[in-house]
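The residues making up each chain are set out below.
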Amino acid sequence: AFPSLNLSHAVMIVAYEFFLAAGASPSVSQTALAAGADAEQFYRHLQRTLQDVEFIDPAQPERMMLSLRQLFGKARLSERDIKILQGILSAVDRACRPGGNEP
């Protein structure tokens, strides 16, 4: 009935049907998302850093920041994710200061 169905598609469909027949349900990550205040602090830090490295125009940062918010929103960041990203931004901040890369 489906001449364009290739072997990989057929295997996926059969595996899915076995999955359903077994009564299994897809697992959902139990990792808690970062608090809104933590995410907002991250976005402010991100905007400052990106302006400092001249990635975004300080006169009109909203457009790029909206895109970045959407991108990070899709990732469903946890508290740990936010801390890692904040650490990266802090390292970039230090490296951009005069003498920032010196021990």
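Each remark here, short or long, concerns the structure printed above.
Definitions and limits used
- Residues numbered from 1 in each chain as written.
- Predicted model: local features only at pLDDT ≥ 70, side-chain atom pairs only at ≥ 80, totals over all residues.
- Heavy atoms only, no water.
- Helix = DSSP H or I, 4+ residues; strand = E, 2+ residues; numbered from the N terminus.
- Contact = heavy atoms within 4.5 Å.
- Areas by Shrake-Rupley, 256 points an atom, 1.4 Å probe, with all protein chains shown as cover.
- Phe/Tyr/Trp six-rings, centres within 6.5 Å; stacked < 30°, edge-to-face > 60°.
- Buried < 20%, exposed > 50% of the residue type's maximum accessible area, 1.4 Å probe, protein only.
- Core = buried A, V, L, I, M, F, W, Y, C linked by side-chain atoms within 4.5 Å.
- Patch = residues over 30% accessible without salt bridge, like charges linked within 9 Å, V, L, I, M, F, W, Y side chains within 5 Å.
- Salt bridge = Lys/Arg side-chain N within 4 Å of Asp/Glu carboxyl O.
- Expected span 1.5 Å × (residues − 1).

Draft legend 1. Representation of the overall build of the protein chain. The secondary structure content of the protein chain amounts to 4 helices and 0 strands. Reading the helices (α) and strands (β) of the protein chain from amino to carboxyl end gives α-α-α-α. Relative to all contacts within the protein chain whose residues are 6 or more apart in sequence, the contacts with residues 24 or more apart total 62%. Of the roughly 8,200 Å² that the protein chain leaves accessible, carbon and sulfur atoms contribute 59%.

Draft legend 2. Representation of the packing of aromatic side chains. Across all of its chains, the model carries 2 aromatic pairs by this definition. Arranged with centres 5.3 Å apart and planes meeting at 50°, the rings of F42 and Y43 form a pair that is tilted. The residues F42 and Y43 share a single accessibility class, namely buried. Ring centres of F42 and F72 lie 5.2 Å apart, and the angle between their planes is 90°; this geometry places the pair in the edge-to-face category. One end of the pair, F42, is in helix α2 (residues 36-52); the other, F72, is in helix α3 (residues 62-75), and 30 residues separate them in sequence. Taken individually, F42 and F72 each receive the classification buried, so the pair is uniform in this respect. Joined through ring pairs, the aromatic side chains of F42, Y43 and F72 make up one cluster.

Draft legend 3. Region of interest: the nonpolar core. Counting 14 residues, the largest nonpolar core has F42, Y43, L46, M65, F72 and I82 as its most contacted members. For this core, the secondary structure elements donating two or more residues are α2, α3 and α4 (79-96). Element by element, the count of residues in this core is highest for α2, at 5 residues. F72 has contacts with F42, Y43, L46, L77 and L85, leaving out every residue within four places of it along the chain.

Draft legend 4. Local environment of a nonpolar patch on the surface. Side chains of V53, F55, I84, I88 and V92 sit close together on the surface and give an oily, nonpolar patch of about 420 Å² of accessible area. Relative to the helices and strands, V53 is located in the loop between α2 and α3.

Draft legend 5. Molecular detail of α2. The end-to-end C-alpha separation of α2 is 24 Å, in line with the 24 Å expected for 17 residues at 1.5 Å each. The secondary structure elements touched by the buried residues of α2 are α3 and α4. Trailing α2 by a residue or two, E54 shows a phi angle of about 60°, which is positive.

Draft legend 6. Fine view of helix α1 (residues 7-21). Given a rise of 1.5 Å per residue, 15 residues ought to cover 21 Å, and the 21 Å separating the end C-alpha atoms of α1 matches this to within 8%. Phi for G23, located one or two positions after α1, is positive at around 75°.

Draft legend 7. A look at unusual backbone geometry. A positive phi angle, close to 60°, is found at E54, a residue other than glycine. Inspection of the secondary structure puts E54 in the loop between α2 and α3. In this structure, R76 takes a positive phi of about 50° despite not being glycine. Looking at the secondary structure, you find R76 in the loop between α3 and α4. Take R76: its relative accessible area is 56%, and that puts it in the exposed class.

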